[in-house]
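# Coordinate inspection notes
Letter by letter, the chains look like this.
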Amino acid sequence: MGHQQIETPNLDKLAARSALFSRGYVPTALCRPALMTFANGLYSHQHKTTGNDPTPLPSMTGKGKKGKGKGKAGDEPAEYAALREQLISHVEQHPTIAGELQKLGYLTFQSGKWWEGSPARGGFTAGMTRGFPQPGGRHGDDGLKVGREGLEPVFGYIDQALAAKKPFFLWYAPMMPHTPHTPPDRLFQKYKAKGIESDHVARYYAMVEWFDETCGQLIDKIEEKGLTENTIFVYVADNGWIQDPNSQGYAPRSKQSANEGGTRQPILFSWPRVIQPGNRGEQLCSSIDIMPTVLAAVGAEIPKSLPGLNLLPVLKSGEPTSRKEVFGETFAHDVVSIEKPEDTLLYRWVVDGKWKLLLTYDGKLDRYASSHPRTEKRPQLFDLLADPHEDVNLAAQNPEVVQRLADKLQAWWPVTERQVLTKWTDEPGVWRE
């Protein structure tokens, strides 16, 4: 993407042979909901896995209540464990990409982040993660070692699939460049030598290159086995991260945010001699398009419930995609109502051509309140092509555009129980009590 300091030579090579959607998006900027969308091709309000954890119970203290919801299995009350299980059960209520490929005889392997219990529940024939309620099973346990501690489990799985003469699907979702930022010292020193003053930023940049190295190892393994021309590579990240130079955490308007820093994620599709490589410029793409596209590529039936586009024909021809808009939604990190997404709805947005409309809702927010200040409750309208950092709100000058896009959002998902302001007023917007 032309970063002046971060080096990603392996992903650059992959991008050069890929259809590249630089205006790619994930509908939600939080790992678990975004990963569930990768797994089943649905929006969060459809698959109902809207946050990372159930809202802690009033009786919970310490890490479970005041921290980041990382209580170990056995440390949490049985009532809370039952809420986790109810949230996980969503993965069994819709077809998954791994499950649909398994029906066609594919071996399907999970590595890295996986929140939904045993990988088998998501359609995987094998995986690194044991899953909740096992210790550390909240979001990946042993699976989180992949990349950071090498790719041997992944390489062994590829060898097993070849020995069995079976096609395979690989879910490579390493906890990289996620925190903890613990890059090799050689990479940390490399970025410090580039003149980066903040150690936090240098570590994050080094993590990105470390992640890139693991991607290169995986790509090289496929090449070594002579499988490159018969393998589809799809690249996407689950959410954005802008490093806070003064702490280990993320800066505002990045992770969890409905702003571009959280939701805009380049998407790559590579299939040598089949997919036409090249940057698709201003064309839009959403991660909901991945599952129908991959299923079409292997000749599988596409479930009628999927809202995404099968991009395979235009990826082959190089013609423009028919996608004219991308929709997104932001919910609280903590799920207050397992079966009612509206209860924790904070934002919805739509990108239509150059325009982006961002609407703010009054859903319940528990922890991570600093990530969602909601100080501007009035509609926000941005010209992304002229203002990609969303600095200038043009809602007051373009009421007809605001109304047109607000109508699109409501037609996409009719929200009925939340307060929202869809018209600009000169007074600060307020919700009624």
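Going by an unreviewed UniProt entry, the chain carries the name Sulfatase and comes from Prosthecobacter algae. Looking at the Sequence similarities (unreviewed entry) heading of the UniProt record, one finds this comment for the chain: "Belongs to the sulfatase family."

### What to know about the pattern of salt bridges
All chains considered together, the criterion is met by 33 salt bridges. Here glutamate 390 ties to arginine 253 by a salt bridge, and the two come within 4.0 Å at their closest N and O atoms. You can see glutamate 390 sitting in the loop between β15 (380-383) and α12 (399-412) and its partner arginine 253 sitting in the loop between β7 (233-235) and α9 (260-263), a full 137 residues away along the chain. Residues participating in the shared-partner salt-bridge network are Lys340, Asp343, Asp362, Glu417 and Arg418.

### Some words on the pairing of strand β11 (residues 325-331)
Counting buried positions along β11 gives 6 out of 7 residues, so the element sits mostly inside the fold. The sheet contact formed by β11 and strand β13 (residues 345-352) spans 7 bridges and is antiparallel. Among the inter-strand pairings, phenylalanine 331 is bridged to a residue of β13, identified as leucine 345.

### Focus: the sheet that holds β15
With antiparallel pairing, 4 strands are arranged side by side in an open sheet as β11-β13-β14-β15. Every other strand in the sheet has two partners, leaving β11 and β15 as the edge strands with one partner each. Strand-to-strand twist of the sheet, defined as the mean angle between neighbouring strand axes without regard to direction, takes the value 15°.

### Digging into the pairing of strand β14 (residues 355-360)
In terms of burial, β14 is a largely internal element, 6 of the 6 residues being buried. Burial along β14 is two-sided: the residues Trp355, Leu357 and Leu359 and Lys356, Leu358 and Thr360 are all buried. Pairing analysis gives 6 bridges linking β13 to β14, with the strands arranged antiparallel. Residue pairing for β14: tryptophan 349 is matched across the bridge by leucine 358.

### As for the confidence of the model for the chain
Model confidence for the chain is summarised by a mean pLDDT of 95, while 97% of its residues fall at 70 or above. Contacts of residues 63-71 to residues separated by more than four positions or lying in other chains number 24 contacts, the stretch itself having pLDDT below 50.

### Description of the packing of aromatic side chains
Under the definition given, this model contains 17 aromatic pairs. By way of ring pairs, the aromatic residues Tyr43, Phe327, Phe331, Trp412 and Trp413 are connected into one cluster. The ring centre of phenylalanine 188 lies 4.9 Å from the NZ or CZ of arginine 203, which sits over that ring. A cation sits over an aromatic face here: lysine 377 above tryptophan 431, 4.9 Å from the ring centre.

### Regarding the sheet that holds strand β9 (residues 278-279)
Reading across from one edge, β7-β8-β1-β9 is the order of the 4 strands in this open sheet, with mixed pairing throughout. The open sheet has two free edges, formed respectively by β7 and β9, since each of these has just one partner strand. Alignment of strand β1 (residues 19-21) against strand β8 (residues 267-270), held across 3 bridges, turns out to be antiparallel. From the neighbouring strand, leucine 20 faces β8, where its bridge partner is leucine 268.

### Regarding the environment of glutamine 248
Following the sequence through the fold, glutamine 248 ends up in the loop between β7 and α9. Taking the C-alpha atoms as reference, glutamine 248 lies 8.0 Å from threonine 179; in sequence the two are 69 residues apart. Beyond its immediate chain neighbours, meaning those up to four positions away, glutamine 248 contacts Thr179, His181, His200, Trp241 and Gln243.

Rules and cut-offs
- Residues numbered from 1 in each chain as written.
- Predicted model: local features only at pLDDT ≥ 70, side-chain atom pairs only at ≥ 80, totals over all residues.
- Heavy atoms only, no water.
- UniProt positions renumbered as here; feature names shortened; annotations may be inferred.
- Salt bridge = Lys/Arg side-chain N within 4 Å of Asp/Glu carboxyl O.
- Helix = DSSP H or I, 4+ residues; strand = E, 2+ residues; numbered from the N terminus.
- Buried < 20%, exposed > 50% of the residue type's maximum accessible area, 1.4 Å probe, protein only.
- Pairing = 2+ DSSP bridges.
- Axes fitted to C-alpha atoms, helices over the stretch in contact; angles between N-to-C directions.
- pLDDT = per-residue confidence, 0-100.
- Contact = heavy atoms within 4.5 Å.
- Phe/Tyr/Trp six-rings, centres within 6.5 Å; stacked < 30°, edge-to-face > 60°.
- Lys NZ or Arg CZ within 6 Å of the ring centre and 35° of its normal.

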